[in-house]
Amino acid sequence: MVDLITDLVAEGLFVVGDTTGEGSRFVTWNLPLADALDRIREVYIDNFDESNI
């Protein structure tokens, strides 16, 4: 999964971010790709079953 995200971002077909903007608007993460992938791994893979995140 993370490899797919890496490929899509590297090809310019995808940007990473979340819906934390005003009115739940999409906001890109201003992070290097490696840091963004670490964040994705932490939140969506490592802690997926944590209900308090």
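Residues numbered from 1 in each chain as written. Predicted model: local features only at pLDDT ≥ 70, side-chain atom pairs only at ≥ 80, totals over all residues. Heavy atoms only, no water.

1. With respect to the confidence of the model for the protein
Item 1. For the protein, per-residue confidence averages 86 on the pLDDT scale, and 89% of positions sit at 70 or higher.
Item 2. Mean pLDDT across the secondary structure elements of the protein bottoms out at helix α2 (residues 33–46), with 88, and peaks at strand β2 (residues 27–28), with 93. (pLDDT = per-residue confidence, 0-100. Helix = DSSP H or I, 4+ residues; strand = E, 2+ residues; numbered from the N terminus.)

2. Some remarks on unusual backbone geometry
Item 1. Positive phi outside glycine occurs at Ser-24, with the angle close to 60°.
Item 2. With respect to the helices, strands and loops of the structure, Ser-24 is situated in the loop between β1 (17–18) and β2.

3. Structural notes on the side chain of Asp-18
Item 1. Residue placement: Asp-18 occurs in strand β1.
Item 2. Within polar-contact distance, the side chain of Asp-18 engages the side chain of Thr-20 at 2.9 Å.
Item 3. Only 3.0 Å separates the side chain of Asp-18 from the side chain of Trp-29, close enough to count as a polar contact.
Item 4. When sequence neighbours within four positions are dropped, the list of residues in contact with Asp-18 reads Arg-25, Phe-26, Val-27, Trp-29 and Arg-39. (Polar contact = N/O pair within 3.5 Å; in protein donor to acceptor, adjacent residues only side chain to side chain. Contact = heavy atoms within 4.5 Å.)

4. Some words on the packing of helix α1 (residues 2–10) against α2
Item 1. Packing of α1 against α2 brings their axes to within 11 Å, and their N-to-C directions diverge by 145°. Relative to α2, the crossing made by α1 is right-handed. Residues Val-2, Ile-5, Thr-6 and Val-9 of α1 touch α2, and the partners they reach there are Leu-33, Leu-37, Ile-40, Arg-41 and Ile-45.
Item 2. Its residues assigned to classes, the contact of α1 with α2 comprises 7 nonpolar, 1 polar and 1 charged. (Axes fitted to C-alpha atoms, helices over the stretch in contact; angles between N-to-C directions. Left-handed = near helix turned anticlockwise from the far one by under 90°. Nonpolar A, V, L, I, M, F, W, Y, C, P; charged D, E, K, R; others polar.)

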